[in-house]
Every structure is written in structure tokens, then in C-alpha cells.
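Structural characterization, general
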Amino acid sequence: MSDAMTAAKAKGREHWTEVKGQKIFLWQKRRTAGPERGTILFVHGSSMASTPTFDLQAPVGPPNSSVMDWFTARGFDTWCFDHRGYGRSYKGPEFLATIADGREDLSAVSDYILKTTNCGPVCAYGISSGAIRAATLAESHPERVKRLALDAYVYTGAGSPTLEQRRKKLDEWRSATRRKVDAAFLNSIFTRDHPGTGEDQWIPSFIEAVLALDDSIPNGTYIDMCANLPLNDPAKITAPTIIMRGEYDGIAGFDDLIEFFKKLPNPDKEFAVMPGISHASFQQKNHMRAYEILLSFFTRPEPVYKGH
Amino acid sequence: MNEPGIAARSRGEEHWTEISGHKLFLWRKPRTDGPDRGTLLFVHGSSMAATPGFDLQAPGTSYVSAMDWFAARGFDCWTSDHRGYGRSYKGPEILATVSDGADDLDAVSRYIMAKTGAARLFLHGTSSGGLRAALFAERHPERVARLSLDAYVWTGKGSPTLAERKKKLDQWRASTRRPISRDFLNSIHTRDGVYAVDPKIVPFYMDAVLALDDSVPNGTYIDMCANLPVNDPKRLTMPVVIMRGEFDGIAATDDLLDFFRLLPNADKEFAIMPGIAHGSFIQANHQRAFAILYSFLTRSEPVYKG
């Protein structure tokens, strides 16, 4: 099952938990095949809810548009959830959805998953600001994170073309809690770095899925990424960690990520550059490379010898 | 076949070629299982011939050699003794520099490609075998599909092992060969301040090394002490993985990350191997090294190439 192939579609199940009385939507897809390998928690980014990114059901194009289906066919129980401010979770107009808010969400979500399934520490994957949020879970609850994958991550923001552009609108982000999303904006995610990398046959389904859940999204992570980086302390991330960096991704300078990587204290760490990929690796033409890198990192044999 | 386990032992074959009239020994273990994934050539380091590191047989233990393990996962596995080592030509005048090693790989790769019809090879080099493999890849990028550099060193800056080794540079330069012994081989296993090797297989390993050589040439030691860098990362145009043992003193992590930054192909990975010092394939955690190499060599080809 390590080769690219169409995964059997897993049947999804919704769950609900809450933070401060505000509801949070979770989506579970259980293992359909393969040896039992553990649980993955997928964490979404700034501009869309969870299922469009992690459980996209595209009727056309290459197989495996849902990374959750792909991993359930390879031995994993998989979960994603909508942060407050997104999708089916609480979306009060006052809610900004900062990274700190995301950390609270992750605390509640991981607590719910661990108690509901008794699965033990999870493999956590976050993309873009979802990676920043996932890293906060690893910092605040290291006992809940078995292995951590940070895709399209940014540390200090030094040398980031995307954030340089985004900062020009910082006053606009700060003047409201939410901003509109539309097809043109979502399409820009796939074209801003290097046109041609996105999986053209999936993008319409992706845009449709995002807009079915949200016509606006909160500004918290945009503000944090423009004004408040760094939001993670790599020295506090004790889980084995992989940095997944798209070749063309403008969200971070390469050296910024290398500096972060150097500071990670666990020697079980990897840095993978993904050829032909910009931002949003799971909706790219080369998505299989991202899936494979994640699978291999989450299934590394445990060390027999741990030193000293 | 992704799980660690005992692979079916592949039956080995001897092959021979030559360079400048000097014979070169090659050892092949053909694919025993799995889909055909290509041809993999393992390149040995400074202080031992090829088969002790890559095809170690340790009866009565669960250890499976790298060549058997990869042969059971779809690879046609090859290795060779560089001139100066093992069963290859060992005239007393042979210094076996890194450049000589890249010349050997030219002849070896020609032979393998002619014998098997392979258009390109996967290369895995360990320690100075990484330097040899990389120099060969610089000279013949068209022959290398993907390149793995394990226990590699680039400039040598910040390397505790090389700082010690440099103290004996005059000694290395005074002759073409140096004697090796169990004490010396043990020093490789202890010099990084940990004992990360698998103690059950160490006796088999030492027997295998010393059955082939009671001395080894000094060329790579001299190069690593006096002539680094011998590789230019900008000329390595193929996909590359750097495999770095947590405790390996042969290079500083920053030296390797500087090298990694300069690799021009965006298909590149950097993996730190926990609990591993130098010589990953005979370490207690060798399964991690095998898994990293396997996953890198089996990455799907990008659909979009920019």
C-alpha cells in the first residue's frame, strides 16, 4: 500500500466538542486497510475549513484527492476539525481566531480524541498557519504528540515574499475580525508563487467545498503572521518533527526554516523539500510526493538505541 | 515489504572489471522480491572493503544486510571494493584518494550498466564513500538517478573526528597504507562517546573486515584532513538525501546544512538519524537508516517539474 493507488473511500463520522461553550466540529475517518499505525490529526490553515483541504472529494482528475482516505487505507485513523471561526464550528462575529485561539481549540480537540478513542499520542500534521497552530499543541501538550509534521510552515517570517505582500494590508486585517473569501481569492493561493503547480482538475472542487462552508473567514492568523511572528519556540518542541517545504512556497524564506530546524531539540528530525510544489501541497499536481513524505515520516521504525 | 523484518537472503554473485589494468571486485545481490525498483550501488568508506558494511552476514542474529534488505524490496544491489581494498588491486603504490575512488566508480558503473542495461543507478555512499559517490555524481550526473550521502562531511568545519585525525596527517602522508586491527575498528565504534553499534553483530563485522584487509590505504584520510571540500554541491544536479547520525563526529550539522542549502535540485531531503553515530548500517538503529534510504529512493516522480 505504499505505492500511489486509489484508496478505498473511508466513511466519515462527525463529532463535536467545545471550548468555552463554543462548539467545535470534528471529522473522523477510520482505518480501512493496512496494519494499525496510529492516529493522525490534520490541522488546517488560515483561509479554509478542514474538510476541503483534507477530505476533498473531487469527481474528476487524479485519484486520491482526499489525503484522509489515502491514509486510512494505509493503517491510520484520521481526524480533522474546523477551528472556531471556520466551517461548522462556532463563528461568532467577534471571533478573531488567532494562533492562541487555535491552541485552545487543539487542546480541546486532542483531549476529545484521546478520551474518545484511547489512541495515545497522535501524529499531528499542520499546513501553513495550521502548522503554527499544530506546533503550539506540541509545545503545550508534548505528551499528546507522537510525531509532528509542519508543511508550508513559517517561523520568523524573515525573507517571506508572501508575508511581505500581506503586511501591506495589515491595517485592513486589523480593522475587522473577518474578511470575505471568494473564488478569485482562493485561486490566488495556487497562482501567487508559481502558476501551474496546482492540480487544475481539483481546484474547482476545492473552491466549491471551501465556499460551501464559508463566505468569510477570520483575520487572526493573518494578523499574527504579519505582526507577531515568531509564535513558536522550536526549543520547546520535543516531538520528532519534519519540515515539509514546497520548492516554490513563498510563505517562508528557506533560511528561516533551516534556522528553525537547527533549534529543534529532538534528533529525530527531517527536512524535506518538495519539488514542483508551492503552497497547499495536498492540492498540487505533485500531491503524491507530499503524501509519501508524510507517510514515511509517520512510519519510521522506532529507535532501538537512544543514546547515553 | 515496508516493515522491518528478515528478508530472504539474496544469492550473491562476484563480478570483475578493471581500471588502468587494475582489477576491481564487484559484488551483486539481485532482486529477490517486490516490484522492480532499479539498480542500487553502495559505496564504501575509508577503513574497510565493501561487503562487511553492506552485506554483513551474522548467523544466529536477526540482522539482515543492507543488500539483502534492499534486494527483497525490489532493488538490484551492487557494491565494489575500491582499489586498495578487499579483493580489488592492492599494489603498495595505490593511495586510493577520493578522486581515485570516483575513477573506480566510473569503471564500476560502466560495467553494471552494460551488464544489466540500467540507464541510471541509485548511489548510496557512506563516510568517504559519500565523498567518492558525490564526486562521481559531479563527473557523471547522467548516470545517477538519486544520490544518498550518509555520514558525509563537506568542508570539515567543526568536525571533532577530523580535528583528531589531522593530528596524524604527517603519519598518513608518510606511507600509502596504515595497518588496521580490532582495536582500531573498535575506536570507530567508540570515538563519538556512545556505543551505538549493535553489539551482537560487531564480532561478525570485525571478522569480515579483517578477513579482507590487514591494512588500508591512506588516500581518503589525507583528503579528508587536508583537501576538503572535494565536492561542489552546486554540481550535484540529481535528487540528494543527506543522512546524518545524531552522534556522528565526522561533520558538524551546520556544515551539512550549508551543503544542503546549495544543492540545486529541489528534490532534496535532510534526515537526522536518532541514536546513530558513524557507520549507520551496523548500528542498533540500522532499520531507521534503511527506512530513510528506502523512502528516498522510492519517491514518486514529480508530475509537475516547473
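Residues numbered from 1 in each chain as written. Chains lettered and ligands numbered in written order. Predicted model: local features only at pLDDT ≥ 70, side-chain atom pairs only at ≥ 80, totals over all residues.

Moving on: the interface of chain A and chain B. Contacts between the two partners involve 32 residues from chain A and, on the opposite side, 31 residues from chain B. When residues of the side of chain A that touches chain B are traced back to their parent elements, those giving at least two are α10 (254-263), β10 (269-274) and α11 (287-298) of chain A. At 5 residues, β10(A) tops the list of elements feeding residues into the side of chain A that touches chain B. Residue classes in the side of chain A that touches chain B are distributed as 13 nonpolar, 9 polar and 10 charged. Note that β10(A) and strand β10 (residues 268-273) of chain B share 4 bridges and pair antiparallel. Along β10(B), the bridge assignment pairs Ala272(A) with Glu269(B). (Contact = placed C-beta atoms within 7 Å. Helix = DSSP H or I, 4+ residues; strand = E, 2+ residues; numbered from the N terminus. Nonpolar A, V, L, I, M, F, W, Y, C, P; charged D, E, K, R; others polar. Pairing = 2+ DSSP bridges.)

All names here are of chain B. When pLDDT is averaged along chain B, the result is 96; 97% of the residues meet or exceed 70. Between residues 1-6, whose pLDDT stays under 50, and residues either more than four places distant or in other chains, the model counts 10 contacts. The ipTM value of the predicted complex is 0.96, and its pTM value is 0.97. (pLDDT = per-residue confidence, 0-100.)

Before going further, it helps to examine the pairing of strand β6 (residues 144-150) of chain B. Residue and element names in this part refer to chain B. Here β6 lies mainly inside the structure; 6 of its 7 residues are buried. The pairing of strand β5 (residues 121-126) with β6 spans 6 bridges and is parallel. From the neighbouring strand, threonine 126 faces β6, where its bridge partner is aspartate 150. Taken together, the 4 bridges between β6 and strand β9 (residues 240-245) define a ladder with parallel strand orientation. For leucine 147, the partnering residue across the bridge sits in β9 and is valine 240. (Buried ≥ 20, exposed ≤ 12 C-beta atoms within 10 Å, placed from the backbone.)

Turning our eyes to something else, we now look at the packing of helix α3 (residues 98-116) of chain B against helix α4 (residues 128-139) of chain B. Residues and elements named next belong to chain B. At a closest axis distance of 8 Å, the pairing of α3 and α4 adopts a crossing angle of 60°. When the axes of α3 and α4 are compared, the pair comes out oblique. You can see that α3 and α4 cross each other, and the crossing is right-handed. Only Ser128, Leu131, Arg132, Ala133, Leu135, Phe136 and Arg139 of α4 make contact with α3, whose side of the interface consists of Val98, Ser99, Gly101, Ala102, Leu105 and Asp106. Tallied by class, the residues present in the contact of α3 with α4 amount to 7 nonpolar, 3 polar and 3 charged. (Axes fitted to C-alpha atoms, helices over the stretch in contact; angles between N-to-C directions. Parallel < 35°, antiparallel > 145°, perpendicular 65-115°, else oblique. Left-handed = near helix turned anticlockwise from the far one by under 90°.)

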